[in-house]
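Below, each chain spelled out in residue letters.
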Amino acid sequence: MLRYVVGGGDNTQDVAAPGAFLSLLPKDGTTLSAGQIAEFAWSENPQAKLYRLEIEDDAGKLIHYAVLKAAVRMYRAPSWLKDKAGESNARWRVIALDQSGKVVGGTALRSFQFV
């Protein structure tokens, strides 16, 4: 007999449809506490050789970025990001790049905030 339980609460995760390139964590509108380190995760883009994670303030000014190998799909932000972002909304996205640095995909902007 096969049994499964579906629980309540907000423990759901975004799952990328086959071929979709999505930002996964933090979810859009997430609020991070003062001592919490921001961790970012995204789905795979099969054409990517590199990913560029971009974090901008609410005015659209780039405040941090990281370039990561295609095998890496998670990034833990430096502890000073909270100081740079302040308590206003920040946004993030991931850009997929091919071996020559050409953009081959990008995720939608998602917002988050430190308190």
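Remember, it's a predicted structure, so these values are computed and weren't measured experimentally.

What about the confidence of the model for the protein chain?
In low-pLDDT segments, the atomic positions of the prediction should not be examined closely.
Phase 1 of the analysis: Here the protein chain averages 86 in pLDDT, while 83% of its residues score no lower than 70.
Phase 2 of the analysis: Here helix α1 (residues 81-85) stands out as the element of the protein chain with the lowest mean pLDDT, 88, in contrast to strand β3 (residues 39-42), whose mean of 97 is the highest.
Phase 3 of the analysis: Between residues 7-13, whose pLDDT stays under 50, and residues either more than four places distant or in other chains, the model counts 3 contacts.

Considerations on the nonpolar core
Phase 1 of the analysis: F40, W42, I55, Y75, L81, W92 and F112 are the most contacted members of the largest nonpolar core, which totals 22 residues.
Phase 2 of the analysis: Counting residues per element, the ones that place at least two in this core are β3, β4 (50-57), β5 (62-69), α1, β7 (89-97) and β9 (110-114).
Phase 3 of the analysis: Counting residues per element, this core draws most heavily on β7, at 4 residues.
Phase 4 of the analysis: Those residues in contact with Y75, other than ones at most four positions away along the chain, are A38, E39, F40, W42, L53, H64, A66 and L68.

Some details on the pattern of salt bridges
Working definition: two side chains of opposite charge can pair if their charged atoms are close together.
Phase 1 of the analysis: All chains considered together, the criterion is met by 4 salt bridges.
Phase 2 of the analysis: R93 serves as the salt-bridge partner of E54, at 2.8 Å between the closest nitrogen and oxygen. Taken together, the residues span a long stretch of sequence, with E54 in strand β4 and R93 in strand β7 at a distance of 39 residues.
Phase 3 of the analysis: Residue class for R93 comes out partly exposed when judged on its relative accessible area of 29%.
Phase 4 of the analysis: Here R91 and E56 are joined by a salt bridge, their closest N and O atoms 2.8 Å apart. Here R91, found in strand β7, pairs with E56, found in strand β4; they are 35 residues apart in sequence, far enough to count as distant.
Phase 5 of the analysis: A residue is classified by how much of its surface remains accessible, and R91, at 25% relative accessible area, is partly exposed.

Reading the values: rules and limits
Residues numbered from 1 in each chain as written. Predicted model: local features only at pLDDT ≥ 70, side-chain atom pairs only at ≥ 80, totals over all residues. Heavy atoms only, no water. pLDDT = per-residue confidence, 0-100. Helix = DSSP H or I, 4+ residues; strand = E, 2+ residues; numbered from the N terminus. Contact = heavy atoms within 4.5 Å. Core = buried A, V, L, I, M, F, W, Y, C linked by side-chain atoms within 4.5 Å. Buried < 20%, exposed > 50% of the residue type's maximum accessible area, 1.4 Å probe, protein only. Salt bridge = Lys/Arg side-chain N within 4 Å of Asp/Glu carboxyl O.

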